Amino acid sequence: MEGSGSSGFDMSKMSTAEKLLAGGSVLLLIDSFLPWQRFCTSDLLGGELGDLVGNQCASFSMWQGSGSIFGVLAGLLAIALIVVGVLSMTGGMANMNMGNMSADKLTGFIGLGVAGFGLLKFILAVTNTPGWAAFVGLLLLVAIGWGAWQKVQSSGGFQMGGTGGGTMGGDTMGGGTPPPSTPPASTPPPSMPPPTEPPPSGGMPPSGSSDI
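Quick caveat: nothing in here was measured; it's all calculated off a predicted structure.

S.K.: Before we go on, may I ask you to explain the overall build of the chain in this structure?
M.R.: Broken down by element type, the chain carries six helices and two strands. Starting at the N terminus and walking to the C terminus, you meet the elements of the chain as α-β-α-α-β-α-α-α. Relative to its full complement of 212 residues, the chain shows a buried share of 25%. Within the chain, contacts between residues at least 6 apart in sequence are counted, and of these 72% link residues at least 24 apart. Here the chain has roughly 14400 Å² of accessible surface; of this, 64% comes from carbon and sulfur atoms.

S.K.: Can you walk me through the packing of helix 5 (residues 103-126) against helix 6 (residues 132-154) in this structure?
M.R.: Two quantities define a packed helix pair, namely the angle between the axes and the distance from one axis to the other. At a minimum axis distance of 8 Å, the contact between helix 5 and helix 6 shows a crossing angle of 155°. Comparing the axis directions of helix 5 and helix 6 gives the class roughly antiparallel. The interaxial crossing formed by helix 5 with helix 6 has left-handed handedness. Residues Asp-104, Lys-105, Gly-108, Phe-109, Gly-111, Leu-112, Val-114, Ala-115, Gly-118, Leu-119, Phe-122 and Val-126 of helix 5 form the contact with helix 6, whose participating residues are Ala-134, Phe-135, Leu-138, Leu-141, Ile-144, Gly-145, Ala-148, Trp-149, Lys-151 and Val-152. The residue makeup of the contact of helix 5 with helix 6, split by class, is 15 nonpolar, four polar and three charged.

S.K.: Would you mind showing me how to read the nonpolar core here?
M.R.: A general feature of soluble globular proteins is that nonpolar side chains tend to end up buried together. Leu-28, Trp-36, Val-114 and Ile-144 are the most contacted members of the largest nonpolar core, which has 19 residues in total. At the level of secondary structure, the elements contributing two or more residues to this core comprise helix 1 (16-31), helix 4 (68-89), helix 5 and helix 6. Per-element tally for this core: the top contributor is helix 6, with six residues. Not counting chain neighbours up to four residues away, the residues in contact with Val-114 comprise Leu-28, Ala-74, Leu-77, Ala-78, Leu-141 and Ile-144.

S.K.: Would you mind showing me how to read the packing of aromatic side chains here?
M.R.: Where two aromatic rings form a pair, the distance of their centres and the angle of their planes describe that pair. Per the counting criterion, the structure on display carries four aromatic pairs. Plain terms: the ring middles of Phe-39 and Phe-60 are 5.3 Å apart, the flat faces sit at 75° to each other, and that makes the pair edge-to-face. Pair noted here: Phe-39 is in strand 1 (residues 37-40) and Phe-60 is in strand 2 (residues 57-60), with a separation of 21 residues, a long-range link. Residue classification places Phe-39 among the buried residues on the basis of a relative accessible area of 18%. Classification of Phe-60 by relative accessible area gives partly exposed; the value is 28%.

S.K.: I would appreciate a short explanation of the pattern of salt bridges in the present structure.
M.R.: A side chain of one charge can pair with a side chain of the opposite charge when the charged atoms of the two come close. Inspection of every chain in the model, using the stated rule, returns two salt bridges. Among the salt bridges present, the one from Glu-18 reaches Lys-151, with a minimum N-O distance of 2.4 Å. With Glu-18 in helix 1 and Lys-151 in helix 6, the pair connects residues that are 133 residues apart, well separated along the chain. Between Lys-151 and Asp-104 there is a salt bridge, with its nearest N and O atoms 3.4 Å apart. Here Lys-151, found in helix 6, pairs with Asp-104, found in helix 5; they are 47 residues apart in sequence, far enough to count as distant. With a relative accessible area of 31%, Asp-104 lands in the partly exposed category.

S.K.: Explain the environment of Ala-133 here, please?
M.R.: Secondary-structure assignment places Ala-133 in helix 6. According to the relative accessible area criterion, Ala-133 is buried, its value standing at 0%. As a C-alpha pair, Ala-133 and Phe-122 span 11 residues in sequence and 10.0 Å in three-dimensional space. Excluding residues that lie within four positions of it along the chain, Ala-133 makes contacts with Asp-31, Leu-34, Pro-35 and Trp-36.

S.K.: For this particular structure, what's the right way to read helix 6?
M.R.: Residue pairs three or four apart in sequence face the same way in an α-helix, which turns once every 3.6 residues. Under the 1.5 Å per step criterion, the end-to-end length of helix 6 is 34 Å for 23 residues, consistent within 8% with the ideal 33 Å. Residues Ala-133, Ala-134, Gly-137, Leu-140, Leu-141, Ile-144, Gly-145, Gly-147, Ala-148, Lys-151 and Val-152 constitute the buried set of helix 6. Against helix 1, helix 4 and helix 5 lie the buried residues of helix 6. Positioned one or two residues after helix 6, Gly-156 has a phi angle of 105°, which is positive.

The rules behind these values
- Residues numbered from 1 in each chain as written.
- Predicted model: local features only at pLDDT ≥ 70, side-chain atom pairs only at ≥ 80, totals over all residues.
- Heavy atoms only, no water.
- Helix = DSSP H or I, 4+ residues; strand = E, 2+ residues; numbered from the N terminus.
- Buried < 20%, exposed > 50% of the residue type's maximum accessible area, 1.4 Å probe, protein only.
- Contact = heavy atoms within 4.5 Å.
- Areas by Shrake-Rupley, 256 points an atom, 1.4 Å probe, with all protein chains shown as cover.
- Axes fitted to C-alpha atoms, helices over the stretch in contact; angles between N-to-C directions.
- Parallel < 35°, antiparallel > 145°, perpendicular 65-115°, else oblique.
- Left-handed = near helix turned anticlockwise from the far one by under 90°.
- Nonpolar A, V, L, I, M, F, W, Y, C, P; charged D, E, K, R; others polar.
- Core = buried A, V, L, I, M, F, W, Y, C linked by side-chain atoms within 4.5 Å.
- Phe/Tyr/Trp six-rings, centres within 6.5 Å; stacked < 30°, edge-to-face > 60°.
- Salt bridge = Lys/Arg side-chain N within 4 Å of Asp/Glu carboxyl O.
- Expected span 1.5 Å × (residues − 1).

Purely spatial values, then, with no claim about function.
Shown next as structure tokens:
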């Protein structure tokens, strides 16, 4: 759109990884409130006892049920991923001091966290009466994980530090100037030799003289 200026948001400039992270995280947050697990009394009791009690069903979202701690962590990281993505795309991350970590690397790490905790939640949910939303969530988690992996790789992989920093184990760390070496201690000047004693008086006459 012409004349929009630099303050606008152009989705066409987003990479495939950024689109997967942005869309996947929003859709996963919506899917997290849908039934990931579904428990029914007929499945638990079965037979005539289940018919007497009645078929009562209860559903649990990603935030509840089996492995709820992993679902909560995945949901909170998905919210953080959305916030960081919006700030990064609108230029809000430019004024933040994150040390040697770039915004792309931070986005990738958060995305990997969403995928990791979300997959743990899915495994625990699918082994105990899963709901249909769990399988939708699995597809979204795979998309987020792939996008996050591409984001981390494009920002230098898992190596921490800036582009000009040194590596650990080298002569210096962080690319700084090494401190000056301590100068060697100066050797003390040699001591003066002791003064020679004068010859005693009345000594032997010099050689070559004769008594006549």
